[in-house]
Structures are given as structure tokens and as C-alpha cells.
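Architecture at a glance
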Amino acid sequence: MDAAELRRRVAQLLAAYDPATTARADFLRAQFDAGLAWVHYPAGLGGLGAPRALQGVVTAELDAAGAPDNDPRRIGIGLGMAAPTILRYGTKDQQRRLLRPLWTGDEVWCQLFSEPGAGSDLAALATRAVYVPAAHPSEGHSADDAERAGGFGATARERGEPGEHGEPGEEAPRSGEWVIDGQKVWTSSAHVARWGILIARTDPDLPKHRGISYFICDMTDPGVEVRPLRQITGEAEFNEVFLTGVRIPDSHRLGAPGEGWRVAQTTLMNERVAIGGGSVPREHGMIGVAARTWRERPDLRTHDLHQRLLRLWVEAEAARYAGERLGQQLAIGQPGPEGSAMKLAFARLHQEVSGLEVELLGDEGLTYDDWTMRRPELVDFTGREAGYRYLRAKGNSIEGGTSEVLLNIIAERVLGLPPEPRTDKDAAWKDLPR
């Protein structure tokens, strides 16, 4: 599979589905079925088993033909976090059922990780998942009833581990279900999501990193309650989610029971790359907005602001090139801890650039166009005014891993520095103070 072959396949797609006359949803489904969604994914799952670097060839050909995209900003959690995790740990049935509507945007995903008492220390999460064997129907039973019926870790360790190309190994048919009780917080897109990637505690007798399992939660199931969290911008783009007796079939588990932390690391590393990495043009995003304001409003210029803008422009370029290099690394393997550095730089740059823009605009920077309580489907950094960008950027150093946690990851996993002492590392979760 080379660039010429990909161009030939794109031409076939365009001939059969003219973007000018084909409905957007139909075109995207046909693109997926042709293997031109993620060219590096296996055949039948939106790809052709081609090198990841060749995706740009497909994108360029489709853009030139005026083909629609899948609105990646709206479905970023599915594309950047859920999909690579499903590819690596999902069963064949899970991959076939979930990846196509995820990529086309027919089904939106959210991430059910953070909790009120376990934000930066994600492994301290308290949401419980109790297994109920198929021989013990759980209709009408509480979580306590379920624990008496099956208990934590009552199921065998069904393996289904990924092969070299992400295909799962064979495993026995899954039966039974998990009863979930707990609360998640800061859940972006939960109000529009069909599916959520969920981690929950399945064995409190083990240390906090080991007694966790990973699930796919149907957000339309009984017991799933989504409540908006209004933020400093006035909007409620994220939510808190309450899970009360939610029943998740064991067939919706990713990875083996108790190995959820390992599965979650795949999600987290891809999340940080999705937020801070990627290939973008020069002056993309907020640095471009600030530079445009500088060029168009000479009356606002001062020497000090000019020096600050030049410094941030150079840093944005350095981050852009680092993102290009990270993309090349991804083309030959899975993301590593380097993605944490990109996300860290992204957060700092966004906050400094948005602060500079507000200062540059002076009194104009204090205006705010709309404080209406809304529940948007995506974050639009460049479509609003400077005041919105300044306030929304404050969340960049929290979401996707706090900057403090990312600094620890870089220190330990990239620079090889000694880890911080962790007295709770080997203690059972149930014995930890809370």
C-alpha cells in the first residue's frame, strides 16, 4: 500500500459517491467502508493496514474534491481516546460494532474517568463495579444484593488480549453483568453522548492501581443521570454523571477484569496527544488570532506587548514542530509519555496567549458577548471574543491531566528522575484514608 494506490482508491470513492450530490452521512460511511477513514487501522475497521503517515495523502485528495469531514472537534473524545483503546483491547465484535459509527459521528463518546474525590489521583477512584454471574439474575437487585450474589472478582480472568495489530485473542463467550454505582465529574459531551468509556473499582482488596476494570457504558441505560456543570464561561460544556445501579454486560468490558489501569493508560496517552499534538498549519489557533489582531490594530501596539507576542509566536512554532515530530513517532508505534510534554506546552501557551490578547485589546478585552447558560457540543476557542478565550483557557491546565501531574510524568518517564515517594502504592484501596 503506497501513496499512488491510496490516491487510486480515493478516486474510486469519489466516482461512486460524488460529494456534491451525496448526503454527508452516506459519504462518510462509504469512506469508512473503503478503508479511508484511518488508513493504518486493519481492513474492515476503517483502514487498510497502511502506514499512518499516508493518512495525509487521503486527506489532501478528499479536501481538494470538497468532500465532507467527520467534524473531528465534535467527536474528539471518540476519535482520540475511545477508538485507539477499542482497537488495542476490544474484541472483534466490539470493534465491528463501535468503530464505524464512532468515526462517522453517528455516535458521540464521553470519558467517565475523573471523580470528585479522585481527580489528579485518578487511581483512587471509588466508583464500584460488582460482578453478577449469569446464574444470578440481577433484575430488581441492589448493588449490595449483587455483591452477595457474585462478589468482587467473581468472574474468571477472561483474556482477549490484543495481538500485534490490535486484534484481540480468542476468548470464551462473555456472560453476566456488572452493577455500577458512583459519580463521575468534568465529563465533556456527556449530555450528547451515546457511549462512555468508564473505569470502576472491581476489587477493593487490591492496591488502588490494580483493582480497576474498564467498561463501555451505554449513556442511555437506566441509572445514568447527567447533570450540567456551569463553568466560568457561562456555558456547561461538561457535566457530572451519577451512576446508580447501572447494569453493564460483561461483553462491554475492555481488557481483563482488574487490568483497567493498564487499559486506561492507552486512553490517557492518546488523550494528551489528541489535545496537545497533531499536525497544524502555522499560526493555527489562538496565536493566530492574537497575531491577526496585532496586524489589524496598530493603534493597540506597544513595545512590551510586541516583545511578548514575538516570544509566544516563536514558542508556538516550536510546539508546532514538536507536534509534527510526535506525529512521526506515532506513525511507527503507540504514543508514549512524550505526549504529556505536548499537552503541558499547549496549556501554558493557550493561557499566556489569551492573557496577552486581553491586555492588547485594553478596555475591549473586558467585554463579554454572551453569558447565556448553554450546553454546547464542542469548545470553540477561535469563534468567540477574547474574554471567552481568556476564561476558557484556564481549564487547559486541568483537563486531560493537570499540569502538575504531567510534570511528574515527564520527570519520571521521560527524564528518568527518581519518582516521588508513594506510601500508598502497595496498600489495599479499602485501607486508604478518604
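Predicted model only: the values in this text are computed from it and were never measured.

Together, Val-414, Leu-415 and Leu-417 make up an exposed nonpolar region whose accessible area comes to about 270 Å². Relative to the elements of secondary structure, Val-414 occurs in helix 12 (residues 403–414).

Let us look at helix 4 (residues 76–89). Across its 14 residues, helix 4 extends 19 Å between first and last C-alpha, which sits within 8% of the 20 Å expected from 1.5 Å per residue. The principal kink in helix 4, of about 40 degrees, is found at Ala-82, preceding the proline Pro-84 by one to four residues. Of all 14 residues in helix 4, 12 are buried, a share of seventy percent or more. Where helix 4 is concerned, the buried positions are Ile-77, Gly-78, Leu-79, Gly-80, Met-81, Ala-82, Ala-83, Pro-84, Thr-85, Ile-86, Leu-87 and Tyr-89.

Turning to the pattern of salt bridges, a few remarks are in order. Tallying each qualifying case throughout the model produces 41 salt bridges. Here Arg-100 ties to Asp-33 by a salt bridge, and the two come within 3.0 Å at their closest N and O atoms. Of this pair, Arg-100 sits in helix 5 (residues 92–104) while Asp-33 is found in helix 2 (residues 24–33), placing the two residues 67 residues apart along the sequence. For the salt bridge of Lys-208 with Asp-424, the shortest nitrogen-to-oxygen distance reads 2.6 Å. One end of the pair, Lys-208, is in the loop between strand 4 (195–201) and strand 5 (212–218); the other, Asp-424, is in the segment after helix 12, and 216 residues separate them in sequence. We classify Lys-208 as buried; its relative accessible area is 5%. Here Asp-424 falls in the partly exposed class, since its relative accessible area comes to 22%. Here the salt bridges share partners, and the residues they tie into one network are Glu-235, Asp-369, Asp-370, Arg-374, Arg-384 and Glu-385.

What follows deals with unusual backbone geometry. A positive phi angle, near 60 degrees, is found at Trp-186, a position not held by glycine. Inspection of the secondary structure assignment puts Trp-186 in strand 3 (residues 177–188). The residue Glu-283 is not glycine, and still its phi comes out positive at about 60 degrees. Mapped onto the elements of the fold, Glu-283 is located in the loop between helix 7 (260–276) and helix 8 (286–296). With relative accessibility at 23%, the residue Glu-283 sits in the partly exposed group.

This next bit is on the nonpolar core. Across soluble globular proteins, nonpolar side chains have a tendency to be buried as a group. Membership of the largest hydrophobic core comes to 56 residues, with the highest contact counts inside it found for Trp-38, Trp-109 and Met-219. The element best represented in this core is helix 4, accounting for 8 residues. Beyond its immediate chain neighbours, meaning those up to four positions away, Trp-38 contacts Phe-32, Leu-45, Gly-46, Gly-47, Leu-48, Gln-55, Leu-79, Ala-83, Leu-99, Leu-102 and Trp-103. Ile-287, Leu-356, Val-358 and Leu-361 belong to the second-largest nonpolar core, a separate cluster that totals 19 residues.

Per the stated rule, a full pass over the model turns up 9 aromatic pairs. An angle of 45 degrees between the planes, with centres 6.4 Å apart, marks the rings of Phe-32 and Trp-103 as tilted. Placement of Phe-32 in helix 2 and of Trp-103 in helix 5 is noted, with a sequence separation of 71 residues between them. Both residues of the pair, Phe-32 and Trp-103, count as buried. Through a chain of ring-to-ring contacts, the aromatic side chains of Phe-32, Trp-38, Tyr-41 and Trp-103 assemble into a single cluster. The cationic tip of Arg-320 hangs over the ring face of Tyr-321; the distance from NZ or CZ to the ring centre is 4.8 Å.

Of all the residues in helix 3 (residues 55–64), the buried ones are Gln-55, Val-57, Val-58 and Leu-62. Burial along helix 3 is one-sided: seen end-on, the buried residues are contained in an arc of 160 degrees. In helix 3, the exposed positions that point more than 90 degrees away from the buried face belong to Asp-63 and Ala-64. On its buried face, helix 3 sits against helix 1 (3–16) and helix 2. Just past helix 3, the residue Gly-66 takes up positive phi, approximately 75 degrees.

In this fold, Arg-253 is placed in strand 8 (residues 253–254). Taking C-alpha positions, Arg-253 is 7.7 Å from Ser-213, a pair spaced 40 residues apart along the chain. Of note is the side chain of Arg-253, whose polar atom sits 2.9 Å from the side chain of Asp-250.

Attention now goes to the confidence of the model for the protein chain. Residues shown with low pLDDT carry predicted positions that ought not to be read at fine detail. Averaged over every residue, the pLDDT of the protein chain is 86; residues scoring 70 or more account for 87%. Taken together, the stretch residues 137–172 has pLDDT below 50 and engages in 72 contacts with residues farther than four places along the chain or on a different chain.

A separate point is the environment of Ala-256. Positionally, Ala-256 belongs in the loop between strand 8 and helix 7. A relative accessible area of 3% places Ala-256 in the buried class.

Glancing now at the environment of Gly-46. Position of Gly-46 relative to the elements: it lies in the loop between helix 2 and helix 3. Ignoring sequence-local partners within four residues, the contact set of Gly-46 consists of Phe-32, Gly-35, Leu-36, Ala-37, Trp-38 and Val-39.

This part takes up the side chain of Glu-237. Among the structural elements, Glu-237 can be located in the loop between strand 6 (224–229) and strand 7 (238–249). Here Glu-237 falls in the buried class, since its relative accessible area comes to 4%. If we ignore the near neighbours within four places in the chain, the residues touching Glu-237 are Ser-188, Ser-189, His-191, Gln-231, Pro-376, Val-379, Tyr-388 and Arg-392.

Criteria and thresholds
Residues numbered from 1 in each chain as written. Predicted model: local features only at pLDDT ≥ 70, side-chain atom pairs only at ≥ 80, totals over all residues. Heavy atoms only, no water. Patch = residues over 30% accessible without salt bridge, like charges linked within 9 Å, V, L, I, M, F, W, Y side chains within 5 Å. Areas by Shrake-Rupley, 256 points an atom, 1.4 Å probe, with all protein chains shown as cover. Salt bridge = Lys/Arg side-chain N within 4 Å of Asp/Glu carboxyl O. Helix = DSSP H or I, 4+ residues; strand = E, 2+ residues; numbered from the N terminus. Expected span 1.5 Å × (residues − 1). Bend = angle between axes of the 7 residues up to and from the residue. Buried < 20%, exposed > 50% of the residue type's maximum accessible area, 1.4 Å probe, protein only. Core = buried A, V, L, I, M, F, W, Y, C linked by side-chain atoms within 4.5 Å. Contact = heavy atoms within 4.5 Å. Phe/Tyr/Trp six-rings, centres within 6.5 Å; stacked < 30°, edge-to-face > 60°. Lys NZ or Arg CZ within 6 Å of the ring centre and 35° of its normal. Arc of directions from axis to C-beta. Polar contact = N/O pair within 3.5 Å; in protein donor to acceptor, adjacent residues only side chain to side chain. pLDDT = per-residue confidence, 0-100.

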